[in-house]
Amino acid sequence: MSEISRRDFLKLASAAVLTLSGLLGLDGLFRFLDTQTDPLPPTDFDLGPAGNYPPGSRTLLSDVPALLLHTQAGFSAISLVCTHLGCTVESKPEGFACPCHGSRFDLQGNVTRGPAGKPLISLRTGITSDGKLHLYTN
Amino acid sequence: MRRYFLLAASSALLLALFISALDESRRPKPVALIPTLTGQVEYCLTCHLDLAQISKSHPLQTFGCVLCHGGERLALDANLAHSTMRGGKNPSDFSVVQASCGGATCHSGTPESFSNHIQRATTSIQATYAGAIANIRYTFGAQPDLKARLGIFAVQVPGSTSGITALASFDPARETNPYVKAFGQNCLTCHLSAQPLPGSEYFRFTGCAACHTPTQSADRSNAQQIQSNPIHKLTTAISYTQCDTCHNRGNYDLRTIKFEPRQDLPADRLHDYYQPIAQFTSCEWKLDCVDCHTRTEAMGDGNLYSVKKDIQYIQCKTCHGTLTELPHIRTLTDPNDLAFRLALLNPLVDLKLGDTILVTEKDEPLWNTLVLPDGTYRLVGKATGQVFSFKPVLGSACTQNGIDQSSAYCHTCHAVNR
């Protein structure tokens, strides 16, 4: 078994340490470059086939949040974001109620009790060529 | 020699990179929140995910943390994140309350005047301490009457209808009377901007949190434990024990101008009151202070006053009436009645349109009461949820003159034996 010289050992050790350092550094660099910024909140919600929402249905879309209505006039949606301070209102038989500060809205989203001063926002819906229902919040 | 140096330098580099990677791996994964009201991402939840939501009216998803607390919303280092917080742990401290809790959609300058709590609270005698200052200065000849001239801080209310439109700042150093000076040094621990005395029984925050972030449980044995735990709560269900942190801890001694803490250890609530000769009715020791005393009595009505009695007006007759008059009532016909808002904040009663409640002489709703069909009344304790039934004086065997409402009169017959 051949003995390694001191000079070769130092060369080998230095190379190994530098290689490890390089790998660690590259790992950090890749992770930095791979950083994903937080996505913006979605404004287009794919609700699936429109047929899933029969006429007369009222569907709570908690991730929007909104209430999807299918009436004789077609699809419509009401935002469940309170126009006072942005809390999520709750759907009630007589309309909508904000649990934060007590605002009340009728079934059309009109204010019946403050402190909210504006009606709930109506959201746009649309059906794509492949029959999927979309809801737009922008 | 050069090779030794190269090895040492590369080892140092490796060590630095390793420590950096280790530190990075130990950091929690950032938890982002974009509150509805700000629309700006904040990372406070990275460390504070387990913190209880402060109140139903301030939901996390709507308010986030930074809107009220300040701080560096993007920082992941605790020291940096907390470096610019308003008021330290208490953003409701009156020195920063306008920035933390104010604004036209929150608690100052709102179209609904009843929501302008900051203007009312910061001009109330609980904040200005004007009454105590005026009393002491008058007692020791530093002013000719009891009218308030000085407060803990200077304040102006040009439209004040009380006859006092401004208070200058009380500066004990400018006082010449030694007793007034001593008062300034020893007796300014009770106003809402003051740091409380040491001891769990005195512990409270300043500003709004002094009352709305209860540090004291009704269970006295828990006081120490509650003090040592973080408190993240805003409530209008305020137990009498919270009021007691200022109002039942001892007395000021005018001979020595010092606060004399009570020395006894009360066994129960009836004996918890510090004044040994005082008498109390059932209401005064079974109910919580906030069950009778209204928001404007406690937080002011926006005017400057000299003494407590100028703003505190609830009397026995407010709920019980007199021999000749029933108490004031109101049937709720307006969905925007303040009673509904107050009941929402502390949902103990299910008020409905058409319900009839008691109201004060100033038409403030006692929303936790209900006039029952048989002419009796029901009150639900705001802090306890306990239900109390009571009758009007009219038609009873009471013989008291209706204008005699000071405590001595009612206590003649109704004092609880203790």
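The preceding data block contains the structure.
Residues numbered from 1 in each chain as written. Chains lettered and ligands numbered in written order. Predicted model: local features only at pLDDT ≥ 70, side-chain atom pairs only at ≥ 80, totals over all residues.

Draft legend 1. The overall build of chain B, seen in detail. If you tally the helices and strands in chain B, you get 19 helices and 11 strands. Expressed as lengths along the three principal axes of its C-alpha atoms, the size of chain B is roughly 110 × 60 × 50 Å. Residues counted as buried form 32% of the 418 residues belonging to chain B. Within chain B, counting contacts between residues at least 6 apart in sequence, those at least 24 apart form 54% of the total. (Helix = DSSP H or I, 4+ residues; strand = E, 2+ residues; numbered from the N terminus. Buried ≥ 20, exposed ≤ 12 C-beta atoms within 10 Å, placed from the backbone. Contact = placed C-beta atoms within 7 Å.)

Draft legend 2. Region of the structure containing the nonpolar core. C44, C68, V97, C101, A121, C208 and A210 of chain B are the most contacted members of the largest nonpolar core, which has 28 residues in total. Once residues within four sequence positions are removed from consideration, V97 of chain B is found in contact with S92, G102, I118, G207 and C208 of chain B. Ranked by size, the runner-up nonpolar core spans 24 residues in total, among them L47, A77, V81 and L133 of chain A. (Core = buried A, V, L, I, M, F, W, Y, C linked by C-beta atoms within 7 Å.)

Draft legend 3. Up close: the environment of K362 of chain B. Note that K362 of chain B resides in the loop between strand 7 (356-359) and strand 8 (365-366). Taking the C-alpha atoms as reference points, K362 of chain B and I314 of chain B, 48 residues apart in sequence, are found 9.5 Å from one another.

Draft legend 4. View of the sheet that holds strand 8 of chain B. Residue and element names in this part refer to chain B. Here we have three strands laid out as an open sheet, ordered 6-7-8, and antiparallel in their pairing. Because the sheet does not close on itself, it has two edges, and the strands there are strand 6 (329-331) and strand 8. As paired strands, strand 7 and strand 8 are joined by two bridges and run antiparallel to one another. Across the sheet, the residue bridging to L358 is L366, located in strand 8. (Pairing = 2+ DSSP bridges.)

Draft legend 5. Spatial organisation of the environment of T235 of chain B. Take T235 of chain B: it is sitting in the loop between helix 12 (223-228) and helix 13 (240-247). Placed 134 residues apart in sequence, T235 of chain B and C101 of chain B show a C-alpha to C-alpha distance of 15 Å.

Draft legend 6. View of the sheet that holds strand 10 (residues 132-136) of chain A. Residues and elements named next belong to chain A. A sheet is described by the order of its strands in space; here six strands give the open sequence 1-10-9-4-3-2, paired in antiparallel fashion. Each edge of the open sheet is held by one strand with a lone partner, namely strand 1 (44-49) and strand 2 (58-61). Within this sheet the neighbouring strands show an average axis-to-axis angle of 25°, counted without direction. The sheet contact formed by strand 4 (residues 74-79) and strand 9 (residues 122-127) spans two bridges and is antiparallel. Pairing of I78 across the sheet is with S122, part of strand 9. (Axes fitted to C-alpha atoms, helices over the stretch in contact; angles between N-to-C directions.)

Draft legend 7. Here's a closer look at unusual backbone geometry. Between V64 of chain A and the following residue, P65 of chain A, the backbone shows a cis peptide bond with an omega angle of -10°. Among the structural elements, P65 of chain A can be located in the loop between strand 2 and strand 3 (66-71). Here the residue pair G114 of chain A and P115 of chain A is connected by a cis peptide bond, since its omega of 15° sits within 30 degrees of zero. Among the secondary structure elements, P115 of chain A is positioned in the loop between strand 8 (111-113) and strand 9. If you check the backbone angles, Y129 of chain B has positive phi at about 60° while not being a glycine. Look at I257 of chain B: it is not a glycine, yet its phi comes out positive at around 50°. Its location among the elements puts I257 of chain B in the loop between strand 4 (250-253) and strand 5 (258-261). Judged by C-beta crowding, with 19 C-beta atoms within 10 Å, I257 of chain B ranks as partly exposed.

Draft legend 8. Here's a closer look at the interface of chain A and chain B. Facing 26 residues of chain A, the contacting portion of chain B comprises 27 residues. Counting residues per element, the ones that place at least two in the side of chain A that touches chain B are helix 1 (6-33) and strand 8 of chain A. Top contributing element to the side of chain A that touches chain B by residue count: helix 1 of chain A, with 11 residues. Residues belonging to the side of chain A that touches chain B are distributed by class as follows: 13 nonpolar, eight polar and five charged. (Nonpolar A, V, L, I, M, F, W, Y, C, P; charged D, E, K, R; others polar.)

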